[in-house]
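Close look at the chain arrangement
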Amino acid sequence: MTARHLQIIESGLHGQRDTPQSATTARLRIAVATQDMKSLNAHFGSARRFAVWDVTPDTADFVEAVGFDEVSDESGAHQVEGDDRIGPKVAALSGCNLLFVLAIGGPAAAKVVGARIHPVKLPAAQSIPSVIERVQAMMSGNPPPWLRKVMGAATPRSMDFLDEED
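Residues numbered from 1 in each chain as written. Predicted model: local features only at pLDDT ≥ 70, side-chain atom pairs only at ≥ 80, totals over all residues. Heavy atoms only, no water.

An unreviewed UniProt entry lists the chain under the name Nitrogen fixation protein NifX, with Komagataeibacter swingsii given as the organism.

As structure tokens, this is what we get:
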């Protein structure tokens, strides 16, 4: 199974954007499982596309669309012995920090987490702009501990979550 990448390249070299960001500006690269490039509306295995965005507390830039022709049918049954449909999707999402899906199976979630991507399951379909707004709201102010960990050192640490060991 091969992934097709459609990227927006602006005037920067090799796909690098010209939007300057300071070293302290938190930035997350998010991937959204989608069938139509408009909404989060797919399970990980059956997603024909992933919309990839760079998100800061104030901005969101579309990075690329990753497409797949062969996807799962959401039955939970494995297709052909040795047919790996998870690995190519995880590899195609390399560099993402968060992955938004409607559902993801245990083995797929383990591979996603192993690739240092945090999967986020949402209970119902919603538009990609509303997913981005959700991420921006979490990034603003005092992010929850799991998001601070994903964001890394770029985020100032709040004293609200200090444990006695810290």
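1. Overview of the overall build of the chain
For the record, the criterion: In this text, helices come from DSSP runs of H or I with a minimum length of four residues, and strands from runs of E with a minimum of two, each type numbered from the N-terminal end. A 1.4 Å probe rolled over the protein chains alone gives each residue an accessible area, and that area as a share of the maximum for its type sets the label: buried under 20%, exposed over 50%, partly exposed in between. Any two residues whose heavy atoms approach within 4.5 Å are treated as being in contact. Per-residue and other accessible areas were derived by the Shrake-Rupley procedure at a 1.4 Å probe size, with only the shown protein chains allowed to occlude residues.
Counting its secondary structure elements, the chain contains four helices and eight strands. Listing each helix as α and each strand as β along the chain from the N terminus yields β-β-β-β-β-α-β-α-β-β-α-α. Across the 166 residues of the chain, 35% fall into the buried class. Of the contacts formed within the chain by residues at least 6 apart in sequence, a portion of 56% connects residues at least 24 apart. By element, 52% of the accessible surface of the chain is carried by carbon and sulfur atoms, the whole surface being about 9600 Å².

2. Quick word on helix α3 (residues 128–139)
Going by this rule: To estimate how far a helix should reach, multiply one less than its number of residues by 1.5 Å. It is the directions from the helix axis to the C-beta atoms that the arc portrays.
Its 12 residues give α3 an end-to-end C-alpha distance of 17 Å, which sits within 8% of 16 Å, the value for a rise of 1.5 Å per residue. Within α3, burial applies to I128, V131, I132, V135, Q136 and M139. The buried residues of α3 occupy an angular sector of 135 degrees when projected down its axis, which confines them to one face. Residues of α3 that are exposed and angled more than 90 degrees away from the buried face: E133 and A137. Looking one or two places after α3, you find G141, whose phi comes out positive at around 75 degrees.

3. So, the pairing of strand β4 (residues 49–55)
Cut-off, in case you're wondering: A pair of strands is labelled paired if DSSP reports no fewer than 2 bridges between them.
A large share of β4 lies buried, amounting to six of its seven residues. In this structure, β4 lies alongside strand β5 (residues 60–68), joined through seven bridges in antiparallel fashion. Counterpart to V52 in the pairing with β5 is E64. Remark: four residues form the turn of the hairpin made by β4 and β5, two consecutive strands paired antiparallel.

4. Re the pattern of salt bridges
Operational definition: The salt bridge criterion pairs a side-chain nitrogen of Lys or Arg with a carboxyl oxygen of Asp or Glu, the two atoms within 4 Å.
In this structure the tally under the stated criterion is two salt bridges. With a closest N to O distance of 2.7 Å, D54 and R27 form a salt bridge. Of the two residues, D54 is situated in strand β4 and R27 in the loop between β1 (3–7) and β2 (28–34); the sequence distance between them amounts to 27 residues. For D54, a relative accessible area of 11% puts it in the buried group. By relative accessible area, R27 is classed as partly exposed at 35%. Ionic pairing is found between D54 and R29, a salt bridge with its closest N-O pair at 2.7 Å. Here R29 lies in strand β2 and D54 lies in strand β4, a separation of 25 residues in the sequence. Here R29 falls in the partly exposed class, since its relative accessible area comes to 23%. In this structure, a network of salt bridges that share partners links the residues R27, R29 and D54.

5. Digging into the packing of aromatic side chains
The following threshold applies: Only rings of Phe, Tyr and Trp enter the pairing, Trp through its six-membered ring, and a pair is recorded when the two centres are within 6.5 Å. The plane angle decides the type: under 30 degrees is stacked, over 60 is edge-to-face, the rest tilted. Note on criteria: charge over ring means Lys NZ or Arg CZ within 6 Å of the ring centre, with the direction from the centre no more than 35 degrees off the ring normal.
Overall, the coordinates contain three aromatic pairs when judged by the stated rule. Here the aromatic rings of F50 and F68 are separated by 6.2 Å at their centres, their planes lie at 85 degrees, and the arrangement is edge-to-face. With a gap of 18 residues between them, F50 in strand β4 and F68 in strand β5 connect regions that are remote in the sequence. Taken together, a centroid distance of 5.5 Å and an interplanar angle of 75 degrees make the contact between W53 and F62 edge-to-face. Overall, the relative accessible area of 21% leaves F62 in the partly exposed class. One aromatic cluster is present, formed by F44, F50 and F68 through successive ring pairs. Here K89 stacks its cationic end above the ring of F44, 5.7 Å away from the centre of that ring. We note K89 situated over the ring of F68; from NZ or CZ to the ring centre the distance is 5.4 Å.

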